Amino acid sequence: MSTAEKSGLWTKPYILLSVTNFFAWLSYNMITPVLTGYMGTLGASVSICGIVGGLFAFTSLFSRPVSGVLADTKNRKHLMAGFTVLMTISLLLYSVIPSIPVIICFRGLHGVAFGISSTASLVLVSESVPEKRMGEAISYYGLMSVASMAIGPSLGIWLSSTAGYRVCMLVGTVMLSIASIASLLYPYTPPEKKVEQQGKRKLVIAEKSLIGLSGVNASFTMMNGVVSTFLVAFAAERAISNVDLHFTVNAVVLIATRILLAKKMNQWSLGKNLYPAFVCGVATLLLIGNAWSLPVLLIAGCTKAIAQGMSQPALQTEAFKSVPPEKRGLASSTMYIGGDLGQAVGPILGGALAEQAGYGTMYMLCAIPIAAAWVYFVLREKKKKEDSRR
């Protein structure tokens, strides 16, 4: 019996992983909303600010295939701790050196380090808890990032307005330092590796069997991207005030969903989690596209939270259960690739659609990827049943 099976869920290793996740995300959510404003004070153009705004996501995305290979072949604790420390050093450097090229360089490096560290840490979560409670563990672990999203942006904006951008970024560096300390304290004994057969080893950057589910994940993060990016402009166009309450309601319901359904992630099938998520995801985009009042946007905030809260932990859990333990790094990075792609492509596609057809139509059209993912999943489940009967 493993240590995790003997000691349950809330062990020292799991708590340290959760602390690392919370403070890494808290730092990110503090810095991201104010970074372009800081760049503006240094004389950066709007286009350069836009590049810096998206740089973290893209460098993180491009590091994902490498992160999966590394997590399956190297010491995962060293990857998590080493790259969390690298994140801290990167943020410190572009906090104290007021140079646009330095910020661009180290913001990009920050994204690469985040991509590798987060992939390794999610695999460590799967190793540090009992197999039968993995869904619950992943749900609570993800709750750390959700909680940071609820407080990080407001804290960052308040600090930058009262004490200045540099102070805000240095406080963000302190948050990352806490994450680094927690990751370094993580107790880890690497599992014994199986002796591999001699011969050429193929370089695999994604788990083939999980590409479809990664696409499903992308459909939900695409929804998140277009809502987060364009909702304020959409509300202004339709004269809907207090739109910030949508994000508050979304955060509260998302936290509640993660807590209330965490144990169900261990018991429910993937379909039992995803079908309500598909319904709520499509409903979210149709509601927003047809919204002319704040109450409709608040309802959409609730349905979006349910879609997110039920889909992501269920998909991540299924990915780990679908592969042997020695391939969990690849499984983790494959799911993250889909999530990052959806988050990055969503605003680009949404902006093009909004320019041609308007925000309302754009939101309704963006329901199509979730509907397509729904159809794919139904066909996937049907094929699995047919295969099991043979």
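Since the model is a prediction, treat every value here as computed from it, not as a measurement.

1. Some remarks on the side chain of Glu207
With respect to the helices, strands and loops of the structure, Glu207 is situated in the loop between helix 7 (165-185) and helix 8 (211-237). Residue class for Glu207 comes out buried when judged on its relative accessible area of 10%. Apart from the residues within four sequence positions on either side, Glu207 is in contact with Val323, Lys327, Leu330 and Thr334.

2. A closer look at unusual backbone geometry
Phi is positive for Ala239, which is not a glycine, with a value near 55°. With respect to the helices, strands and loops of the structure, Ala239 is situated in the loop between helix 8 and helix 9 (244-261). The phi angle at Asn242 is positive, at roughly 60°, despite the residue not being glycine. With respect to the helices and strands, Asn242 occurs in the loop between helix 8 and helix 9.

3. So, the packing of aromatic side chains
Under the defined criterion, the tally for this structure stands at 16 aromatic pairs. Seen in terms of ring centroids, Tyr28 and Phe114 are 6.5 Å apart; in terms of plane orientation they differ by 20°. Their pairing is stacked. Remark: Phe114 occurs in helix 5 (residues 100-128) and Tyr28 occurs in helix 2 (residues 12-41); sequence separation between them is 86 residues. Linked through ring pairs, Phe220, Tyr275, Phe278, Trp374 and Phe377 together constitute an aromatic cluster. The ring of Trp292 carries Arg238 above its face, with NZ or CZ at 4.1 Å from the centroid.

4. Some words on the confidence of the model for the protein
Per-residue pLDDT for the protein has a mean of 87; in total, 95% of the residues score no lower than 70. Between residues 1-6, whose pLDDT stays under 50, and residues either more than four places distant or in other chains, the model counts six contacts. A low-confidence stretch, residues 195-200 stays under pLDDT 50, and its non-local contacts, those more than four residues away or across chains, total one contact.

5. Concerning the environment of Ala81
Turning to its location among the elements, Ala81 is positioned in helix 4 (residues 76-96). By relative accessible area, which is 4% here, Ala81 ends up buried. Put simply, Ala81 and Leu184 are 103 residues apart on the chain and 5.4 Å apart in space, counted from C-alpha to C-alpha. In contact with Ala81, other than residues within four places in its own chain, are Ser183 and Leu184.

6. As for the pattern of salt bridges
A full pass over the atoms with the stated rule returns eight salt bridges. A salt bridge links Arg64 to Asp340; its shortest N-O distance comes to 2.8 Å. A residue pair is termed long-range when its members are at least 10 positions apart, and Arg64 in helix 3 (residues 46-73) and Asp340 in helix 13 (residues 328-357) qualify at 276 residues. Of the charged contacts, one joins Lys263 and Glu136 as a salt bridge, the two residues approaching to 3.2 Å between their closest N and O atoms. A residue pair is termed long-range when its members are at least 10 positions apart, and Lys263 in the loop between helix 9 and helix 10 (264-267) and Glu136 in helix 6 (residues 134-162) qualify at 127 residues. Several salt bridges converge on common partners, so that one network encompasses Asp72, Arg76 and Glu127.

7. Digging into the environment of Phe278
Counting through the fold element by element, Phe278 comes out in helix 11 (residues 270-289). Measuring from C-alpha to C-alpha, the distance between Phe278 and Phe220 comes to 8.6 Å, with 58 residues separating the pair along the chain. Excluding anything up to four places from it in sequence, Phe278 contacts Val216, Phe220, Ile370, Ala373, Trp374 and Phe377.

8. Some words on the packing of helix 6 against helix 9
The geometry of helix 6 relative to helix 9 is characterised by a closest axis approach of 9 Å and an angle of 165° between their N-to-C directions. With respect to each other, helix 6 and helix 9 are oriented roughly antiparallel. Both helix 6 and helix 9 take part in a crossing whose hand is left-handed. Note on element contacts: helix 9 touches helix 6 through Ala251, Leu254, Ile255, Arg258 and Ile259, opposite Ile138, Ser139, Tyr140, Gly142, Leu143, Val146, Ala147 and Ala150.

Reading the values: rules and limits
Residues numbered from 1 in each chain as written. Predicted model: local features only at pLDDT ≥ 70, side-chain atom pairs only at ≥ 80, totals over all residues. Heavy atoms only, no water. Helix = DSSP H or I, 4+ residues; strand = E, 2+ residues; numbered from the N terminus. Buried < 20%, exposed > 50% of the residue type's maximum accessible area, 1.4 Å probe, protein only. Contact = heavy atoms within 4.5 Å. Phe/Tyr/Trp six-rings, centres within 6.5 Å; stacked < 30°, edge-to-face > 60°. Lys NZ or Arg CZ within 6 Å of the ring centre and 35° of its normal. pLDDT = per-residue confidence, 0-100. Salt bridge = Lys/Arg side-chain N within 4 Å of Asp/Glu carboxyl O. Axes fitted to C-alpha atoms, helices over the stretch in contact; angles between N-to-C directions. Parallel < 35°, antiparallel > 145°, perpendicular 65-115°, else oblique. Left-handed = near helix turned anticlockwise from the far one by under 90°.

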